[in-house]
Amino acid sequence: EAQQDLDAVFQRLKKKKKQSSVLIIFYAVWSEPCRELMPGAERVLQQYRGLLEVLRCNVDDADAFAQQLGITQVPAFHLYKRGELVHSWET
């Protein structure tokens with residue numbers, strides 16, 4: 001069910017007519033790097049509230065979705081503008 005929800009959200013974001021930016025954060029609760037990085041990332045993202053939509057994707061709950069987007073390690077970040085991937089990075 002989580003997979004379908006994420007797919008639906010992603011499809012909705014891709015169809016937006018206005019210029020929009022979406023950051024998808026891929027993480028896993030068992031990942032030490034994720035646990036270390038996320039608090040700082042959350043503080044930084046607060047500064048961009050309203051300018052950037054942020055989706056958090058637990059790869060254990062949405063494995064097919066993460067695989068579809070080529071996620072091979074976590075944490076990983078994908079930045080989309082108008083539904084197109086413009087930047088990605090992994091730690």
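One can find the structure itself at the top, above this paragraph.
Residues numbered from 1 in each chain as written. Predicted model: local features only at pLDDT ≥ 70, side-chain atom pairs only at ≥ 80, totals over all residues. Heavy atoms only, no water.

(A) Spatial organisation of the overall build of the protein. Helix and strand counts for the protein stand at three helices and four strands. Starting at the N terminus and ending at the C terminus, the protein contains elements arranged as α-β-α-β-α-β-β. Sequence separation of 24 or more characterises 69% of the internal contacts of the protein that already satisfy a separation of 6 or more. Within the structure as shown, the protein displays about 5900 Å² of accessible surface, and the carbon and sulfur contribution to it stands at 51%. (Helix = DSSP H or I, 4+ residues; strand = E, 2+ residues; numbered from the N terminus. Contact = heavy atoms within 4.5 Å. Areas by Shrake-Rupley, 256 points an atom, 1.4 Å probe, with all protein chains shown as cover.)

(B) How the structure looks around the packing of aromatic side chains. Taken as a whole, this structure holds two aromatic pairs when the rule is applied. A ring pair is formed by Phe-77 and Trp-89, whose centres lie 5.4 Å apart and whose planes are at 15 degrees; its orientation type is stacked. With a gap of twelve residues between them, Phe-77 in strand 3 (residues 76-81) and Trp-89 in strand 4 (residues 84-90) connect regions that are remote in the sequence. (Phe/Tyr/Trp six-rings, centres within 6.5 Å; stacked < 30°, edge-to-face > 60°.)

(C) Spotlight on a nonpolar patch on the surface. Taken together, the side chains of Val-44, Tyr-48 and Leu-51 present a nonpolar region at the surface, about 320 Å² in accessible area. Mapped onto the elements, Val-44 comes out in helix 2 (residues 32-46). Overall, the relative accessible area of 43% leaves Val-44 in the partly exposed class. (Patch = residues over 30% accessible without salt bridge, like charges linked within 9 Å, V, L, I, M, F, W, Y side chains within 5 Å. Salt bridge = Lys/Arg side-chain N within 4 Å of Asp/Glu carboxyl O. Buried < 20%, exposed > 50% of the residue type's maximum accessible area, 1.4 Å probe, protein only.)

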